[in-house]
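Observations on the three-dimensional arrangement
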Amino acid sequence: MAQVLGYTTMDSPIGPLLIASTKNGLCFIEFGDGEQALSSLQRWCRKTFMGVPISRDDQGNQSVREQLEEYFAGTRKTFDIPLDMYGTPFQKAVWTELTRIPYGETRSYKEIALSIGAAKAVRAIGGANNRNPIPIVVPCHRVIGSNGALVGYGGGLSIKAHLLALEGAHAASLHADSPKAVR
């Protein structure tokens, strides 16, 4: 269990990001900055850690910032920063599987379900994807509908489309016409 949570913020091509880590690794990324993003971190921290102190820690999150900057510049395809994931065993299994989706590729919710041996858990996969606290690094943006449609994303479909285009995913086959909102 975390003893303190350190956070920093950074600008990116998709807007400001708030990044938070424990001493064990990256545990949270939020789209946006300012009070709204910090409030989101505080809510997540209360729910996850029950009151662990939060403090600004630019230095402790420097390697995460650098790797994200390289990713956005197109020079990094994989992240090698330690992760400190908090969730149910099922959520962690889904999130671990997301990290196995190669840069520039996509998978459907059904493909993720099959790959973790839970063929009938497609909706649960969507729920776990939606609760991913480390978007971008744990690439939930690489999960699309089985028909190739972009389906929801916590940061918005335009950010999901931007990330997939940055990675050179087959954007021509992707379209954002699904009304579902699942990250």
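Residues numbered from 1 in each chain as written. Predicted model: local features only at pLDDT ≥ 70, side-chain atom pairs only at ≥ 80, totals over all residues. Heavy atoms only, no water.

Overview of the overall build of the protein
A tally of regular secondary structure across the protein gives 6 helices and 6 strands. The order of helices and strands in the protein, counted from the N terminus, is β-β-β-α-β-α-α-β-α-α-β-α. For a compact globule of 183 residues, the expected C-alpha radius of gyration is about 16 Å, and the protein comes in at 16 Å, within 12% of that figure. Per-residue burial over the protein gives 50% buried out of 183 residues. Restricting the contact set of the protein to residue pairs at least 6 apart, pairs at least 24 apart contribute 62%. (Helix = DSSP H or I, 4+ residues; strand = E, 2+ residues; numbered from the N terminus. Rg over C-alpha atoms; globule rule 2.2 N^0.38 Å. Buried < 20%, exposed > 50% of the residue type's maximum accessible area, 1.4 Å probe, protein only. Contact = heavy atoms within 4.5 Å.)

Regarding the pattern of salt bridges
On inspection of all chains with the given rule, the structure shows 6 salt bridges. For the salt bridge of Arg76 with Glu70, the shortest nitrogen-to-oxygen distance reads 2.7 Å. A residue is classified by how much of its surface remains accessible, and Arg76, at 16% relative accessible area, is buried. In this structure, Arg100 and Glu97 form a salt bridge, with 2.9 Å as the shortest nitrogen-oxygen distance. Residue Glu97 is classed as buried on the basis of its relative accessible area, which comes to 14%. Via salt bridges that share partners, Glu70, Arg76 and Asp80 belong to a single interconnected network. (Salt bridge = Lys/Arg side-chain N within 4 Å of Asp/Glu carboxyl O.)

Comments concerning the sheet that holds strand β2 (residues 17-22)
The strand order β3-β2-β1-β4 describes an open sheet built from 4 strands, whose pairing is mixed. What marks the edges here is a single partner per strand, and that holds for β3 (25-31) and β4 (54-56). In this sheet, neighbouring strand axes are inclined to one another by 30 degrees on average, regardless of whether the strands run parallel or antiparallel. Two elements, strand β1 (residues 5-10) and β4, share 3 bridges in a ladder whose sense is parallel. Paired with Tyr7 across the strands is Arg56, a residue of β4. Running at roughly 140 degrees to β2, helix α2 (residues 62-73) makes contact with β1, β2 and β3 of the sheet. (Pairing = 2+ DSSP bridges. Axes fitted to C-alpha atoms, helices over the stretch in contact; angles between N-to-C directions.)

Thoughts on the nonpolar core
In terms of nonpolar packing, the biggest core is built from 33 residues, with Leu17, Leu68, Leu98 and Ile136 touching the most fellow members. Sorting the residues of this core by element identifies β2, β3, α2, α3 (89-98), α4 (109-115), α5 (122-130) and α6 (157-166) as the ones contributing at least two each. In terms of residue count, the dominant contributor to this core is α2 (4 residues). Not counting residues within four places of it along the chain, the set of residues in contact with Leu98 comprises Ile112, Asn129, Val138, Pro139, Cys140 and Val143. If you look at the next biggest cluster of nonpolar residues, it comprises 14 residues, including Ala20, Cys27, Leu41 and Phe49. (Core = buried A, V, L, I, M, F, W, Y, C linked by side-chain atoms within 4.5 Å.)

Some details on the pairing of β3
Judged by how many residues are buried, β3 sits mostly within the fold: 6 of 7 residues are covered. In this structure, the hairpin formed by β2 and β3 is closed by a connection of 2 residues.

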